[in-house]
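The primary structure of each chain is shown beneath.
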Amino acid sequence: MSCGCQDHNHSDLEGRGEEFSLFQKIATERVTCFNESVSGSGKNVFKPFDQRHDKVKYLESNEDDAELLLHIPFDGIVKLKSIVVIGGEDGMHPNKMKAYINRDDLDFSIVSDLKPVQEWDLHEDYKGEVEYTTRMAKFINVSHLTLHFPSSFSNDKSRIYYIGLKGDFTQMKRQAVIAVYESRPQASDHQQPSDNLASRSIN
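(A) View of the overall build of the chain. From N to C terminus, the chain includes 2 helices and 9 strands. The secondary structure elements of the chain, listed N-terminal to C-terminal, are β-β-β-β-β-α-β-β-β-β-α. Relative to its full complement of 203 residues, the chain shows a buried share of 42%. A separation of at least 24 residues holds for 82% of the contacts in the chain among residues at least 6 apart in sequence.

Structure, rendered in C-alpha cells:
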C-alpha cells in the first residue's frame, strides 16, 4: 500500500526476502558505529530477512544521546535501491535517516556540516513494512555506505533491530600484479657499492 510519498512505500515484504540479501556482501568485520552503547554491536542489525524480527541482537545508543553514525563497508560495488529500518519501541525508533556514500572518514563533527546524498523522515516501523527508496542515480557506485540517525522519537535513546538493504552487487576485480624477472642476470647490470668507490678519483 502506498501513502503517496515518493521516498517510501508501505508494503507487504513477505516473500521478498531474497531482495534484501546485500547484508551478505557487507564486510561485517569492518562495520563501525559511533555512540553505540556496546562496542561492536553495529553489525547486529544486519541479518537475514526472515530473522528481522529477532529482538535478541540489536544496536542501541548511549543513554540520553539518541544519535548514531553507522559505517557500512561492502566487499564490492553496490547499486543501492532501498532501505528498511526496524527500530525500538517506546520512542526509541530513529525518526530521521541520512545517507552518505564512499566516505569512511565521517564522524559527528563532519556530518553536522555535510549535506547528505539523501535523507528520509522515518516512520515507527516494528515489522519491516516500510521501504525507503533511494534516488538510485546517486547510489550506483557505492563501496562504503554511512547511515546517520541524528535523533529518535523520544530523543533519549535510539535502538535498531534490523537494517535491510536492497540492491545489486558487483564483485571488485583484483588486478593481477605482473613481475618481470631476469632469466640471466648480467654482472654489468648489478653494480656493487665497491665499484662506485673504485671509480672515484682521489684528490
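(B) Inspection of the pattern of salt bridges at higher detail. Scanning all chains against the criterion turns up 9 salt bridges. Notably, a salt bridge pairs lysine 157 with glutamate 60, separated by 3.4 Å at the nearest N-O pair. Remark: glutamate 60 occurs in strand β3 (residues 59-60) and lysine 157 occurs in the loop between β8 (142-149) and β9 (159-171); sequence separation between them is 97 residues. We classify glutamate 60 as buried; its relative accessible area is 10%. The salt bridge partner of glutamate 63 is lysine 157, with a shortest N-O separation of 2.7 Å. Placement of glutamate 63 in the loop between β3 and β4 (68-87) and of lysine 157 in the loop between β8 and β9 is noted, with a sequence separation of 94 residues between them. A relative accessible area of 13% means that lysine 157 is categorised as buried. Where salt bridges share partners, they join Glu60, Glu63, Lys157 and Arg159 into one cluster.

(C) The nonpolar core, seen in detail. Ranked by internal contacts, the top residues of the largest apolar core, which has 31 residues, are Phe46, Leu145, Ile163 and Leu165. Of all the elements in the fold, those that place two or more residues in this core are β4, β5 (96-101), β7 (130-133), β8 and β9. Dropping the residues within four chain positions of it, leucine 165 is found in contact with Glu19, Phe20, Ser21, Leu22, Ile26, Phe46, Phe74, Leu80, Ser82, Ile83 and Leu145. By size, the runner-up hydrophobic cluster in this structure holds 6 residues, among which are Phe20, Phe49, Tyr161 and Tyr162.

(D) Here's a closer look at the confidence of the model for the chain. When pLDDT is averaged across the chain, the result is 85; 76% of the residues are at 70 or more. Counting interchain partners and residues more than four positions distant, the pLDDT-below-50 stretch residues 1-5 has 7 contacts. Confidence drops under pLDDT 50 across residues 193-203; counting only partners more than four residues distant or on other chains, this segment forms 1 contact.

(E) Representation of the side chain of lysine 98 within the structure. Its place among the elements puts lysine 98 in strand β5. Buried and unpaired, lysine 98 has glutamate 119 as its nearest opposite-charge partner, separated by 4.4 Å. Not counting residues within four places of it along the chain, the set of residues in contact with lysine 98 comprises Pro116, Gln118, Glu119, Thr146, Leu147, His148 and Pro150.

(F) Focus on the environment of lysine 96. Take lysine 96: it is sitting in strand β5. Lysine 96 gets classed as partly exposed once you look at its relative accessible area, which sits at 34%. Distance from lysine 96 to phenylalanine 149, taken between C-alpha atoms, is 5.7 Å for residues 53 residues apart in sequence. Ignoring sequence-local partners within four residues, the contact set of lysine 96 consists of Trp120, Asp121, Leu122, His148, Phe149, Pro150 and Ser151. A polar contact is formed between the side chain of lysine 96 and the side chain of aspartate 121, at a distance of 2.8 Å.

(G) Just the pairing of β4, in detail. Within β4, 16 of the 20 residues are buried, which leaves it mostly tucked inside the rest of the structure. In this structure, strand β2 (residues 32-34) lies alongside β4, joined through 3 bridges in antiparallel fashion. Looking at the pairing, threonine 32 lines up with histidine 71 of β4. Here 7 bridges tie β4 to β8, and the two strands are oriented antiparallel to one another. In the strand pairing of β8, leucine 70 is matched with leucine 147. Note that β4 and β7 share 2 bridges and pair antiparallel. Bridged to serine 82 within β7 is threonine 133.

Reading the values: rules and limits
- Residues numbered from 1 in each chain as written.
- Predicted model: local features only at pLDDT ≥ 70, side-chain atom pairs only at ≥ 80, totals over all residues.
- Heavy atoms only, no water.
- Helix = DSSP H or I, 4+ residues; strand = E, 2+ residues; numbered from the N terminus.
- Buried < 20%, exposed > 50% of the residue type's maximum accessible area, 1.4 Å probe, protein only.
- Contact = heavy atoms within 4.5 Å.
- Salt bridge = Lys/Arg side-chain N within 4 Å of Asp/Glu carboxyl O.
- Core = buried A, V, L, I, M, F, W, Y, C linked by side-chain atoms within 4.5 Å.
- pLDDT = per-residue confidence, 0-100.
- Lys, Arg positive; Asp, Glu negative; His and termini not counted.
- Polar contact = N/O pair within 3.5 Å; in protein donor to acceptor, adjacent residues only side chain to side chain.
- Pairing = 2+ DSSP bridges.

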